[in-house]
Amino acid sequence: MSYIEAAAAPLRKTGQIRLHGPEGFEGMRHAGRLAAQALDLVHEMVAPGVSTEAIDNLVFEFAMDNGAMPATLMYRGYRKSTCTSINHVVCHGIPNEKPLREGDIVNVDVTLIFDGWYGDTSRMYPVGEIPRRAERLLDITYESMMRGIAAVKPGGHVGDIGAAIQDYVEPLHMSVVRDFCGHGVGQLFHDEPNIVHVGRPGEGPELLPGMIFTVEPMINLGRPHVKVLSDGWTAVTRDRALSAQFEHSVGVTETGVEIFTLSPKGYHKPIFGG
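Quick notes on the rules
Every chain is numbered on its own, with residues counted from 1 as its sequence reads. Where totals are concerned, whole chains, interfaces and linings use all residues; where local detail is concerned, this predicted model gives features only for residues with pLDDT of at least 70, and gives and counts side-chain atom pairs only at 80 or more. With hydrogens and water stripped out, all remaining heavy atoms of the structure feed into the side-chain values. Here a cavity is any set of points on a 1 Å grid over the protein atoms alone where a 1.4 Å probe fits but cannot get out, and a pocket is any open set with protein on both sides within 12 Å along at least 5 of 7 lines; a residue lines the site when it has an atom within 4 Å of a point. Grid points are joined across faces, edges and corners, and a volume is the space filled by probe spheres set on the points. Secondary structure elements are defined from DSSP: runs of H or I of at least 4 residues count as helices, runs of E of at least 2 residues count as strands, and each element is numbered from the N terminus. Gly is placed with the polar residues, together with every amino acid not listed as nonpolar (Ala, Val, Leu, Ile, Met, Phe, Trp, Tyr, Cys and Pro) or charged (Asp, Glu, Lys and Arg). Working rule for contacts: check all heavy atoms of both residues, and any pair within 4.5 Å makes them a contact. Paired strands, in this sense, are two strands between which DSSP finds at least two bridges. Simply put, an axis is a line fit to the C-alpha atoms, just over the touching stretch for a helix, and the angle between two N-to-C directions goes from 0 to 180 degrees. Throughout, exposure labels follow a simple rule: accessible area from a 1.4 Å probe, protein chains only, divided by the maximum for the residue type, with under 20% read as buried, over 50% as exposed, and the rest as partly exposed. Any angle from 65 to 115 degrees is called roughly perpendicular, while one under 35 is roughly parallel, one over 145 is roughly antiparallel, and all others are oblique. By convention the crossing between two helices is left-handed if the near helix lies anticlockwise of the far one by an angle smaller than a right angle, and right-handed if it lies clockwise.

**Some details on the layout of surface pockets**
Here comes step 1: The volume enclosed by the largest pocket comes to roughly 630 Å³.
Here comes step 2: If you list the elements that add at least two residues to the lining of the largest pocket, you get β6 (105-114), β9 (182-184) and β10 (191-195).
Here comes step 3: Of the residues belonging to the lining of the largest pocket, the class tally is 10 nonpolar, nine polar and eight charged.
Here comes step 4: What the second largest pocket holds in volume is close to 330 Å³.
Here comes step 5: Taken together, 16 residues make up the lining of the second largest pocket; nearest its centre are I86, H88, V89, N96 and K98.
Here comes step 6: For the lining of the second largest pocket, the element with the most residues is strand β4 (residues 83-86), which contributes three residues.

See the structure below:
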């Protein structure tokens, strides 16, 4: 796979990996922080009895108030500002009026477009008191994402990220979803390269300064297999086991990695107990 300076590339997928300069990193800092702020508001809202539709409305209003646009709204016909994935839903769950219940776990995935840049991030939220197995799943999923991000450095390879995640998760008797992956991001919602969350060290495209992409592992308590429901969006575990996901947008720097979507309020790790 070849590389191209982002400033010289058209605003469409070209099959090349974009290398962004300081302006790109600054744009992603603003968009990423805004998306993270939206998830901080969600943290303060999630509770038994709250609907995912209400969460979606909150994110939409926050985006409008801050001069941003939810990237998912009308994306390929999708009609919501977020994806909300509950319990055995792996990703792309559609918000609705059904209230969350005590013991649920829910992923809220937000991408906000600000000044042409896409801040893409998601977090897991426990709904009240959750089972210990669910707590363990959330902890391991978060840690797997952070281990994947820690593997990002110039001169490394995309396979290093997947290997760091897979080598951590599978010995703990959980599985890594293969059907969905991270992706390049920046001034496009989805771009090169794909960031697969399994792999071998040293394989895949080389990581170069200026690359911007997401790391977003989906981890299942059961087997890794998923299916997409008849709505064309909602992906669930085939064995109905619980699934979890965390996501950050990151950039490769000259010395390592920068995370653009850290929580301004410090809500980084899963928080249990209501």
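Still more to cover.
**What about the side chain of E53?**
Here comes step 1: Looking at where E53 falls in the secondary structure, it is placed in helix α2 (residues 52-65).
Here comes step 2: Contacts of E53, omitting those with residues within four sequence positions, involve K80, P95, N96 and E97.

**Re the sheet that holds strand β13 (residues 226-228)**
Here comes step 1: Read across the sheet, three strands follow the order β5-β14-β13 without closing on themselves; strand pairing throughout is antiparallel. Of all the strands in the sheet, the pair left with one neighbour each is β5 (89-91) and β13. Sheet twist, expressed as the average angle between the axes of neighbouring strands with direction ignored, equals 40 degrees.
Here comes step 2: Alignment of β5 against strand β14 (residues 235-237), held across two bridges, turns out to be antiparallel. Within β14, the residue paired with V89 across the bridge is V236.

**Let's talk about the side chain of T141**
Here comes step 1: Tracing the backbone shows T141 in helix α3 (residues 132-150).
Here comes step 2: Each residue touching T141, except ones within four places of it in the same chain, is listed here: P217, I219, A244, Q245 and F246.

**A word on the sheet that holds strand β12 (residues 218-220)**
The strands making up a sheet associate through hydrogen bonds between their backbones, and the pairing can be parallel or antiparallel.
Here comes step 1: On the basis of which strands lie adjacent, the open sheet formed by three strands has the order β8-β12-β15 and antiparallel pairing. The outermost strands of the open sheet, each flanked by one partner alone, are β8 (175-176) and β15 (243-245).
Here comes step 2: Relative to β12, β8 is paired through two bridges, and the arrangement is antiparallel. Within β12, the residue paired with V176 across the bridge is I219.

**Quick notes on the environment of S249**
Here comes step 1: If you trace the backbone, S249 turns up in strand β16 (residues 248-252).
Here comes step 2: Assessed through its relative accessible area of 0%, S249 is described here as buried.
Here comes step 3: For the pair S249 and F260, spaced 11 residues apart in sequence, the C-alpha separation works out to 5.6 Å.
Here comes step 4: Sequence-distant contacts of S249, that is, excluding residues within four places in its chain, are made with M28, G119, D120, V185, F213, T214, E258, I259, F260 and T261.

**Quick notes on the packing of α3 against helix α4 (residues 158-169)**
Here comes step 1: Two elements in contact, α3 and α4, have axes separated by 8 Å at closest approach and are oriented at 150 degrees. Classified by the angle their axes make, α3 and α4 are roughly antiparallel. Note on packing geometry: the crossing formed by α3 with α4 is right-handed. Contact with α3, carried on its side by I140, E143, S144, R147 and G148, involves I161, A164, I165, Y168 and V169 of α4 and no other residues of that element.
Here comes step 2: Taken together, the residues of the contact of α3 with α4 break down into six nonpolar, two polar and two charged.

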